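Commentary on secondary and tertiary structure
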Amino acid sequence: MPRRERRRRRPGSNRGRILLIFAAIALFVLITSLRAIASFYTDYLWFKSIGQTGVWRGVLGTKLVLAGVFIGVFFVLMWVSLFIADRLAPKFRPTGPEEELIERYHDLISGHVGLVRIGVAALFAVIAGAPASSQWNEWLLFRNRVSFGATDPQFHKDIGFYVFQLPFLTFLVGWLFAAFVIVFIVTAVAHYLNGGIRVQTPFQRVTPQVKAHLSVLLAVLALVKLGGYYLQQFQLTTSTRGTVDGATYTDVHVQLPAIQLLMLISLAAATLFILNIFRRGWVLPVLGVGLWAFVAIIAGSILPAIIQKFRVEPSESSKERPYIERNIAATQEAIGLAKMSTVPFASDNKLTAADVTGTNGNQATLDNIRLWDPASNILGKTFQQLQNLRPFYNIGDVDVDRYTINGKKTQVMISARELNTSGVPQSSWEATHLAFTHGYGVVAAPSNDQTPTGDPAFIVKDIPVANSDNIKVDESAIYFGENLSGYVVVNTKREEIDFQKPDGSNSLRNYAGQDGIDIGSIVNKAAFALRFGDFNPLVSGNLTGGSKILINRDIRSRVQAIAPFLSFDRDPYPVVVGGRIEWVVDGYTSTDRYPYAQRAITDGGSGDNGLGGQFNYARNAVKAVVDAYDGTITLYVKDATDPIIQAYQKAFPSLFTTTPAPAELEAHFRYPEELFRVQTNMWARYHETNPDTFYNQSNGWIVAPDPGQQVKVAAAAPTDSANSNANANVPPSPQGRIPPYYLLMQLPGDAEQSFVLLRSFVPVQGNNQQLTAFMVASSDPATYGQLRTFVMPSNNLPPSPGQVASKMSSDPTVSSLQTQLGIIGGGSDLLFGNLITVPIQQSLLFVRPVYVQATNNPIPQLRKVVVEFNGQVAVDDTLPLALKKLDPFKDLPASGAGGTPSTTTPGSTPTTPDLSTPAQLLADANRLFDEANAALAKSPPDFATYQSKTQEGRAKIQQAADLLNGASSSTTTTAPSSTSTSSTTTTTTAVGTA
């Protein structure tokens, strides 16, 4: 039977299948990449909506150019080397055991050698070249470099070389070395496949042509390594080998000569590789590489370690002396401490009544002593409990600022009432993305005032907002804030809920701000639906042609997106300017390449430091201002002398605002706490310029320990026993280092008040924890950034904050506070606030507020104020009353600012004290609690009325308890002055529960 002939396929059928396979792969890649494409497209739309496509194009273009250039360079290197390898292939391959496998390879690629060469070169080019896009920031700085105007003391190069050029050059040389290693390996494999290299053969293993090719590649590798060694010597300026950072004794006298010797050996090795072309064998190259490795190990690693251990460390102070001097000077300059003013502080405590009550301004300092601790577990919790008002609002952070109140500059605690999407009554997409779109207003209270119930005396509060004449908010909607994720859509058929009125109805509005991306087209709807993985924007019937979507609503993420090359502070703060709420975020430039500068110490409670990772140079170069309503971003250059920000200005000229900030806005700029933390941590050691004293740390400081907040006592402390201190409150162990805090005060030697950051120091060695100095940074526009250190006399050191806290806690009156305030067995906790150090003339006053927090109603309330001066401790309901118990302050008025409980709201008239009987007071309290419960039972609940009635009820119970306990219930009311509407209430408070 004849054999059936196999049916031959048409040539086009295979081609069709291949095309189908490629089409299927392309479709799969497209589908899996749709979300990434949508994110890319919507990012462009966002940059376009804020008018900053130049940044988007600049960063993206730089990444693409770098990737393209490095891919192209590598492709050319690889292709040329493979092309040469193919041209040098022997016409007749010698036979051997491996020939069968190679023969199969050649059969496979027969007729497609050129395509294989291109494919291999392209594959490795993408792998090696694409990651170069990550160097976009280094390239931008390299390309737009400027001069620092100063040189390093070792190589005498401009600092700009180390900051702007060295990082990219180091990457470039490292990349070239890795590229030629890959090219050499792949080329050697190609020669093997072509027959130019044979491993198992009795004949010549490497042909002369292949030997020449590989020798040239090795010579190029040696020359590239020479370039790496050349750059490596400059990297010694940030060495961490010695007692301080920078090129120290061993680096300069051993490591540097070793590197220079390795440069010569690299050049010699390159020469030997070239000479090897004309000699038989590989003896010369092997000798060269062996010598190279020997010197690299001995001179580059072992010898420096030996010299450091046995020659430097036994006499380290003398050997390292000149390098310590370099380190001190460089560190002070790099961390912004070079212009520090050192001021002697007598600490003589010779404060007189005239110094306090005279016209020299110290009364204003006392009036602005901060009694409210902005910590999240104290004032943050109080603000949140009293002024959140609705579950879909959130007060997450309280900031310290200053405003003019009744004609006087006053320290104010302020916070924004932001949107809390998780608290929206309905969880529907329409409610969370169309109806509840924004927060509402700010909450503000003087830092030194309180109500009779121990709550903040709000000057801006409630919904609808109750403005004061001093802080007036015209546009209360907050579309952009802290910790806002996701998106909202505005200008839809569904009107937005602006706020809920007291009667439970909603006040509605439509967004009219500039920010937002048009989402009327089907393409944009689909793009955002893909970006957020949410189908609703694509199908919702509430969207119109004029609808806009708001994204990047988190303040810090928003500014980071527009300026990804800067680091931004972790604590944006709101300010009210021209009736609008603006967010201010401090932007930093930093580098770890400043020669001889010490790596910054960022611990001490800084947590997620906005300055970024490791660095030894930092500047608060930018103030980013974001409008809370329409998201407008303005980047003001605050430090135009910073070379790094100058380079970024060259790279992105339209991004930064060259005009100064408006005076009203600049008046609210604060010196950043995070930078001040770093500077105080560094100044603790780098205040000493004598290298011997610096090395020995005989005059070293450290930031003072934090006394903490919690107070724990096993039993009530007696108040009338000589041994009362035995049961006194024991101060808690330090919780890290005392944080910096903002104060509005008149510093010694100044003619007027200034808004400053302050942080204290104690000795670094021994048990002597007395105060050695305190450092302040000015936030006033005229002196912004001015740093001063007030140094105590070495023979008369005052007590540190920790010692004062211990003395306060052991005072019999303070020890008995838990009994006085009903804490023991009463289901409440006692909290200490910040211990504030207040310099007045050449004396130090210490002030510490005391808060009570009920377990079942965790609202910290200010109950007492403890003060210490010259060893005297006093405590009372208010700061003025406590101060009047101390000698220099006895003539102070017992009313006015400084913590006197306010019985009025802004704009109201003073009220007379309630002189009712205990029964009447308790009856009134019951009535008020009934009204509070009725407000809570409404739908929706009226939280504002509930909290107000509850506070009034507690006040009634406290007054009744005072009368029943026989405490002084007399109320002294002073006639209000023309500038004050507060009356002074003197009472001993106790905790009451509803």
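A brief look at the structure comes next. Because the structure is predicted, anything quoted here is derived from the model rather than measured. (Residues numbered from 1 in each chain as written. Predicted model: local features only at pLDDT ≥ 70, side-chain atom pairs only at ≥ 80, totals over all residues. Heavy atoms only, no water.)

1. Description of the packing of aromatic side chains
Aromatic rings in a pair are described by how distant their centres are and how their planes are angled relative to each other. Defined as follows: Pairing of aromatic rings covers Phe, Tyr and the six-membered ring of Trp, with a centre-to-centre limit of 6.5 Å; geometry is then stacked below 30 degrees between planes, edge-to-face above 60, and tilted otherwise. Only when the NZ of Lys or the CZ of Arg is both within 6 Å of the ring centre and within 35 degrees of the ring normal is a charge said to sit over the ring.
Taken as a whole and judged by the stated rule, the model has 42 aromatic pairs. Clustering of aromatic rings is evident, with ring pairs tying together Phe70, Phe74, Trp139, Phe142, Phe168, Phe171 and Trp175. Directly above the aromatic system of Phe161 lies the positively charged group of Lys157, at a separation of 4.8 Å from the ring centroid. Here the guanidinium or amino end of Arg670 rests over the ring plane of Tyr573, the centre of that ring lying 4.0 Å away.

2. Let's talk about the sheet that holds strand β13 (residues 548-550)
Our working definition: The pairing criterion is simple: DSSP has to find at least two bridges between the two strands. Helix numbering and strand numbering both begin at the N terminus, where a helix is a DSSP run of H or I of at least 4 residues and a strand a DSSP run of E of at least 2.
Strand order in this open sheet of three strands is β9-β13-β12, and the pairing throughout is antiparallel. Edge positions in the open sheet fall to β9 (488-490) and β12 (517-518), since each of these has one partner strand only. Pairing between β9 and β13: three bridges, direction antiparallel. Bridging across to β13, Val490 finds its partner in Lys548.

3. So, the sheet that holds strand β4 (residues 408-416)
Our working definition: All axes here are fitted lines through C-alpha atoms, helices being fitted over the stretch that makes contact, and every angle between N-to-C directions spans 0 to 180 degrees.
Spatially, β3-β4-β7 is the arrangement adopted by the three strands of the open sheet, whose pairing is antiparallel. Whereas interior strands pair on both sides, the edge strands pair on one side only; in this sheet they are β3 (399-405) and β7 (442-446). Between one strand axis and the next, the sheet turns by 40° as a mean value, whatever way the strands run. The pairing of β3 with β4 spans seven bridges and is antiparallel. Within β4, the residue paired with Arg402 across the bridge is Gln411.

4. Points about the pattern of salt bridges
Stated formally: The working definition used for a salt bridge is a side-chain nitrogen of Lys or Arg within 4 Å of a carboxyl oxygen of Asp or Glu. Remark: exposure states derive from per-residue accessible area (1.4 Å probe, protein chains only) relative to the maximum for the residue type, with buried under 20%, exposed over 50%, and partly exposed in between.
Across all of its chains, the model carries 27 salt bridges by this definition. Lys623 is the partner of Asp586 in a salt bridge, and the nearest nitrogen-oxygen pair spans 2.3 Å. Here the residue Asp586 occupies a position in strand β16 (residues 580-591), and Lys623 occupies one in strand β17 (residues 617-627), the gap between them amounting to 37 residues. Like Lys623, Asp586 is buried.

5. Looking at the packing of helix α7 (residues 159-194) against helix α8 (residues 208-235)
Axes are the key here: two packed helices are described by the angle between their axes and the distance separating the axes. To keep it simple, the criterion reads: What sets the label is the angle itself: under 35 degrees gives roughly parallel, over 145 gives roughly antiparallel, 65 to 115 gives roughly perpendicular, and the rest give oblique. Left-handed is the label given to a crossing in which the near helix is rotated counterclockwise from the far helix by less than a right angle, and right-handed is the label when the rotation is clockwise. Each residue is assigned to one class: nonpolar for Ala, Val, Leu, Ile, Met, Phe, Trp, Tyr, Cys and Pro, charged for Asp, Glu, Lys and Arg, and polar for all the others, Gly among them.
At their nearest, the axes of α7 and α8 sit 9 Å apart, and the two run at 160° to each other. One way to sum up the angle between α7 and α8 is to call them roughly antiparallel. Read as a crossing pair, α7 and α8 show a hand that is left-handed. Partitioning the contact of α7 with α8 into residue classes produces 21 nonpolar, seven polar and one charged.

6. A short note on the nonpolar core
Definition in use: Put simply, a nonpolar core is a bunch of buried Ala, Val, Leu, Ile, Met, Phe, Trp, Tyr and Cys residues held in one set by side-chain atoms that sit within 4.5 Å of each other. Contacts are assigned to residue pairs with any non-hydrogen atoms lying within 4.5 Å of each other.
One finds Leu845, Val867 and Phe889 to be the most contacted residues of the largest nonpolar core, which totals 254 residues. Tallying contributions element by element places α7 first for this core, with 16 residues. Residues within four places of Phe889 in sequence aside, it is in contact with Leu351, Val356, Leu366, Ile840, Leu845, Phe869, Leu883 and Lys884.

7. Here's the deal with the environment of Glu138
Summarising the element assignment, Glu138 is placed in helix α6 (residues 136-143). Separated by 26 residues in the primary sequence, Glu138 and Phe164 have C-alpha atoms spaced 7.1 Å apart. Apart from the residues within four sequence positions on either side, Glu138 is in contact with Phe164, Pro167 and Phe168.

8. Some words on helix α12 (residues 321-334)
Here is the rule: Each helix should span, by expectation, one fewer than its residue count multiplied by 1.5 Å.
Between the first and last C-alpha of α12 there are 20 Å, a value that for 14 residues agrees with the 20 Å anticipated at 1.5 Å per step. Along α12, the residues classified as buried are Tyr323, Ile324, Asn327, Ile328, Ala330, Thr331, Gln332 and Ala334. Along its buried surface, α12 packs onto α9 (249-275), α11 (316-319), β17, α22 (673-686) and α23 (691-696).

9. As for the pairing of β16
The buried count for β16 comes to ten of twelve residues, which makes it a mostly enclosed element. Relative to β16, strand β14 (residues 567-568) runs antiparallel, the two sharing two bridges. Considered in β16, the bridge of Ser567 is made with Tyr588. Pairing analysis gives five bridges linking strand β15 (residues 573-577) to β16, with the strands arranged antiparallel. Counterpart to Tyr573 in the pairing with β16 is Val584. Here β15 folds back onto β16 in antiparallel fashion, the turn holding two residues, of which Gly578 has a positive phi close to 60°.

10. Brief notes about the side chain of Ser843
Filter applied, for reference: We call two N or O atoms a polar contact when they sit within 3.5 Å, provided that within protein one can donate a hydrogen and the other can accept it, with sequence-adjacent residues counted only if both atoms are side-chain atoms.
Inspection of the secondary structure puts Ser843 in strand β27 (residues 843-854). Using a relative accessible area of 2% as the deciding quantity, one classes Ser843 as buried. At a separation of 3.4 Å, a polar atom in the side chain of Ser843 contacts the main-chain amide nitrogen of Asn349. Separated by 3.4 Å, the side chain of Ser843 and the backbone nitrogen of Lys350 make a polar contact.

11. Details of α7
Within an α-helix, residues lying three or four positions from one another point in the same direction, as the helix has 3.6 residues per turn. Selection criterion: The bend at a residue is defined as the angle formed between two axes, one fitted to the seven residues ending at that residue and one fitted to the seven starting there.
With 36 residues, α7 extends 51 Å between its outermost C-alpha atoms, agreeing within 8% with the 52 Å of an ideal straight helix rising 1.5 Å per residue. A bend of about 50° at Gln165 is the largest found in α7, and the proline Pro167 appears one to four places after it. One or two residues past the end of α7 sits Gly195, with phi positive at roughly 95°.

12. As for unusual backbone geometry
Each neighbour pair has its own omega, and for Ile463 with Pro464 the value is -5°, a cis peptide bond. Looking at the element boundaries, Pro464 is found in the loop between β7 and β8 (477-478). The residue Gln841 is not glycine, and still its phi comes out positive at about 55°. Counting through the fold element by element, Gln841 comes out in the loop between β26 (836-840) and β27. We classify Gln841 as partly exposed; its relative accessible area is 29%.

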